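What follows is each chain in one-letter form.
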Amino acid sequence: MTGGALPGPDGKPRCPWGVSTPDYLAYHDEEWGRPVHGDDALFERLCLEAFQSGLSWITILRRREGFRRAFADFKIAAVAEFTDADRERLLADEGIIRNRAKIDACIANARVLAGWAPGELDALIWSHAPDPASRPAPLTVADVPAVTDESTALSKTLKKHGVRFVGPTTAYALMQACGLVNDHLADCAARPAADR
């Protein structure tokens, strides 16, 4: 069977992407697929997934600390106050991906979300989590979808509220990263820790 778990440096089986680089190994084992809560934490993931669109995740992961510095640790209230000068600063910042549309979307999204009640983003995103019992554990990477009915619904709901740069594929990547779904392969050593 191709596309199944591969042994990591410690011999434990992991999702193939998780053993492809040392950067991925830590992210795969300690973060990806584990439940994330909190508006600012979810805003960070929403922004990073949008920046990842069209790029590899490793590109974003290696710049994550740069993104955090540039975007005030992704505090919604702080990013919502960014000015044109901040926008120009971001466009010149080599520590992030300098994509004008994605930078503008991140700032615009913060301005939208700043008007929400505390916990509202968390509740909205998590309301789209499917029942874990309805999702069999993937056996190979080919069993992992790129889009689901739930991610399409999440994308539509966020867009309806004015959140930009969050299509169904980006919404599904967010769901995977934040533990709404557990797409670690069935025999991956990190899967049990990501179960909710």
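Structural data are supplied above this passage.
Values in this document were obtained by computation on a predicted structure and should not be read as measured data.

Rules and cut-offs
- Residues numbered from 1 in each chain as written.
- Predicted model: local features only at pLDDT ≥ 70, side-chain atom pairs only at ≥ 80, totals over all residues.
- Heavy atoms only, no water.
- Helix = DSSP H or I, 4+ residues; strand = E, 2+ residues; numbered from the N terminus.
- Rg over C-alpha atoms; globule rule 2.2 N^0.38 Å.
- Core = buried A, V, L, I, M, F, W, Y, C linked by side-chain atoms within 4.5 Å.
- Buried < 20%, exposed > 50% of the residue type's maximum accessible area, 1.4 Å probe, protein only.
- Contact = heavy atoms within 4.5 Å.
- Salt bridge = Lys/Arg side-chain N within 4 Å of Asp/Glu carboxyl O.
- Axes fitted to C-alpha atoms, helices over the stretch in contact; angles between N-to-C directions.
- Parallel < 35°, antiparallel > 145°, perpendicular 65-115°, else oblique.
- Left-handed = near helix turned anticlockwise from the far one by under 90°.

Enquirer: Help me out: how do you make sense of the overall build of the protein in this one?
Expert: Looking only at helices and strands, the protein features 11 helices and two strands. Overall, the protein shows an N-to-C arrangement of helices and strands of β-β-α-α-α-α-α-α-α-α-α-α-α. Its C-alpha radius of gyration of 17 Å places the protein within 12% of the 16 Å reference for a compact globule of 196 residues. The dimensions of the protein, computed from C-alpha atoms along their principal axes, are 50 × 35 × 25 Å.

Enquirer: For this particular structure, what's the right way to read the nonpolar core?
Expert: Formed by 48 residues in total, the largest nonpolar core has its most connected members in Phe43, Phe67, Phe71, Leu121 and Ile125. Counting residues per element, this core draws most heavily on helix α2 (residues 39–52), at six residues. With residues near it in sequence (within four places) discarded, Phe71 still touches Phe51, Val79, Phe82, Leu90, Ile96, Ile103 and Cys106.

Enquirer: What am I meant to see in the side chain of Arg135 here?
Expert: Within the element layout of this structure, Arg135 appears in the loop between α8 (120–126) and α9 (149–160). The residues contacting Arg135, other than those within four sequence positions of it, are Pro130, Thr148, Tyr172, Val181 and Asp183.

Enquirer: Help me understand the pattern of salt bridges, please; the structure alone is not making it clear to me.
Expert: Should the charged atoms of two oppositely charged side chains come close, the side chains can pair. Inspection of every chain in the model, using the stated rule, returns 13 salt bridges. The closest approach of N and O atoms between Arg14 and Asp10, which form a salt bridge, is 2.8 Å. Classification of Arg14 as buried rests on a relative accessible area of 5%. For Asp10, a relative accessible area of 45% translates into the label partly exposed. Residue Arg87 pairs with Asp104 through a salt bridge whose shortest N-O separation is 2.5 Å. Residue Arg87 is located in helix α6 (residues 84–92), and its partner Asp104 is located in helix α7 (residues 100–113); the two are separated by 17 residues in the primary sequence. Connected through salt bridges with shared partners, the residues Glu31, Glu44, Arg45, Arg64, Glu65 and Arg68 form a single ionic network.

Enquirer: Help me understand the side chain of Thr148, please; the structure alone is not making it clear to me.
Expert: Along the chain, the position of Thr148 falls in the loop between α8 and α9. When near neighbours in sequence (up to four residues on either side) are disregarded, Thr148 contacts Arg135 and Tyr172.

Enquirer: Would you mind going over the packing of α2 against helix α10 (residues 168–177) with me for this structure?
Expert: Packed helices, taken two at a time, are described by the angle between their axes plus the distance between the axes. Axis separation between α2 and α10 bottoms out at 9 Å; the angle between their running directions is 135°. By the angle class used here, α2 and α10 are oblique. The two elements α2 and α10 cross, and the hand of that crossing is right-handed. Contact with α2, carried on its side by Leu42, Arg45, Leu46, Glu49 and Ala50, involves Thr170, Ala173, Leu174 and Ala177 of α10 and no other residues of that element.

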